[in-house]
Structure formats: structure tokens, C-alpha cells
Amino acid sequence: MFRSKITMAQAALDLARHLLSLAEEQYAAAQAGDWIRALECADHRATLVAAIGRLDFATLDSAERDTLVDLLARVQAYDEEIARLVKQARRATLAALSELDRGQAMAHGYRRSNPVETRAALFDEEV
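Quick caveat: nothing in here was measured; it's all calculated off a predicted structure. (Residues numbered from 1 in each chain as written. Predicted model: local features only at pLDDT ≥ 70, side-chain atom pairs only at ≥ 80, totals over all residues. Heavy atoms only, no water.)

Side note on the overall build of the protein chain
Piece 1. Counting its regular elements, the protein chain contains 3 helices and 0 strands.
Piece 2. Ordering the α and β elements of the protein chain from the N terminus gives α-α-α.
Piece 3. Out of the 127 residues in the protein chain, the part that is buried amounts to 21%.
Piece 4. By sequence separation, contacts in the protein chain at least 24 residues apart represent 76% of the contacts at least 6 residues apart.
Piece 5. Counting only carbon and sulfur atoms, one obtains 58% of the accessible surface of the protein chain, whose full area is about 9,600 Å². (Helix = DSSP H or I, 4+ residues; strand = E, 2+ residues; numbered from the N terminus. Buried < 20%, exposed > 50% of the residue type's maximum accessible area, 1.4 Å probe, protein only. Contact = heavy atoms within 4.5 Å. Areas by Shrake-Rupley, 256 points an atom, 1.4 Å probe, with all protein chains shown as cover.)

Focus on the nonpolar core
Piece 1. If you look at the biggest cluster of nonpolar residues, it comprises 18 residues, and the most contacted ones within it are Leu-15, Leu-19, Leu-48, Leu-60, Leu-68, Leu-71 and Val-75.
Piece 2. When residues of this core are traced back to their parent elements, those giving at least two are helix H1 (2-31), helix H2 (35-53) and helix H3 (62-113).
Piece 3. Setting aside its immediate chain neighbours within four residues, Leu-19 contacts Arg-45, Leu-48, Val-49, Ile-52, Leu-72 and Val-75. (Core = buried A, V, L, I, M, F, W, Y, C linked by side-chain atoms within 4.5 Å.)

What about the environment of Ala-30?
Piece 1. Counting through the fold element by element, Ala-30 comes out in helix H1.
Piece 2. Each C-alpha atom of the pair Ala-30 and Arg-84 lies 9.9 Å from the other, and the pair is 54 residues apart in sequence.
Piece 3. Look past the residues within four positions of Ala-30 in its chain and what remains in contact with it is Trp-35, Ala-38 and Leu-85.

Some points on the confidence of the model for the protein chain
Piece 1. Summary statistics for the protein chain give a mean pLDDT of 85 and a share of 81% for residues scoring 70 or more.
Piece 2. Looking at the elements of the protein chain, mean pLDDT is at its lowest for H1, recorded as 86, and at its highest for H2, recorded as 95. (pLDDT = per-residue confidence, 0-100.)

Digging into the pattern of salt bridges
Piece 1. With the rule as written, the count across this model stands at 5 salt bridges.
Piece 2. Between Glu-40 and Arg-37 there is a salt bridge, and its shortest N-O distance comes to 2.9 Å. With Glu-40 and Arg-37 both in helix H2 and 3 residues apart, the pair spans about one turn of that helix.
Piece 3. Residue Arg-84 is joined to Glu-81 by a salt bridge in which the shortest nitrogen-to-oxygen separation is 2.9 Å. Of this pair, Arg-84 and Glu-81 are both found in helix H3, 3 residues apart, which corresponds to roughly one turn of the helix.
Piece 4. Given a relative accessible area of 30%, Glu-81 falls into the partly exposed group.
Piece 5. Among the charged side chains, a network of salt bridges with common partners joins Glu-25, Arg-37 and Glu-40. (Salt bridge = Lys/Arg side-chain N within 4 Å of Asp/Glu carboxyl O.)

Topic: the UniProt feature "coiled-coil region" (unreviewed entry) in the protein chain
Piece 1. Here, UniProt's "coiled-coil region" (unreviewed entry) annotation points to residues 68-95.
Piece 2. Spanning residues 68-95, this segment combines 100% helix with 0% strand, and its end C-alpha atoms are found 41 Å apart. (UniProt positions renumbered as here; feature names shortened; annotations may be inferred.)

Set out below in C-alpha cells:
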């Protein structure tokens, strides 16, 4: 029975530490603009969160629960920073798309106001 409690506590803390490690990696990827890697980390994190959710926290003593809460609070802090970076990247992407749309509209307007002969002459008729 005592062995089971140690195993459960260790499993919970190991999962939380691994979750924190992935949150740190995801944050670093988001800072670098590596959104593919950030999404891969998020997928792995979802698996860990599900595993942590299946644990019986009643087997943890108060020090273990405090450690777990601290680890999960740190994960939450990274999540808030990642969300901030995602919003910032989204705004930048929307601004770039808006600029591209304006450029395309200007080019289209220029083409309409300055028609170009669609067929070029094969030879110079003035010769």
C-alpha cells in the first residue's frame, strides 16, 4: 500500500514536470515563430494533461500537492505567455494580409487605368 502511494505521487510529479518542460519548449518555439513545433508540443501536452487528469490526487500528501500546484501554476504562466505570442502573431499576419490585399487592389486598379496591348506585334511595321 505504501509502495502504491509513492508510485502515484512520483507519477503525478513526473508527469507535471514533463508537462512543464513541454510548456517551456512550446514557449521557446512560439518566441522563435516556429508554430509547427509549438503545435507539436501542444499535442504532446494534451496527452500529458489527460494522463494527469486520470490520477487520484487524494494519494498525495500536502507537500506533494503543493509541489504539483506550483508546477501547474508555472505551466499556466507559460500558457498565458504563449497565448499572448499567438495573439501578437495573429495580428501581424492579419496586418500583412491586409497590406497584401491593398497592394493587389492597387495593382488591379493600375492595370485597368493603363491597358496594355495583350498581343505584341511580331515585327516592327515601320521598317
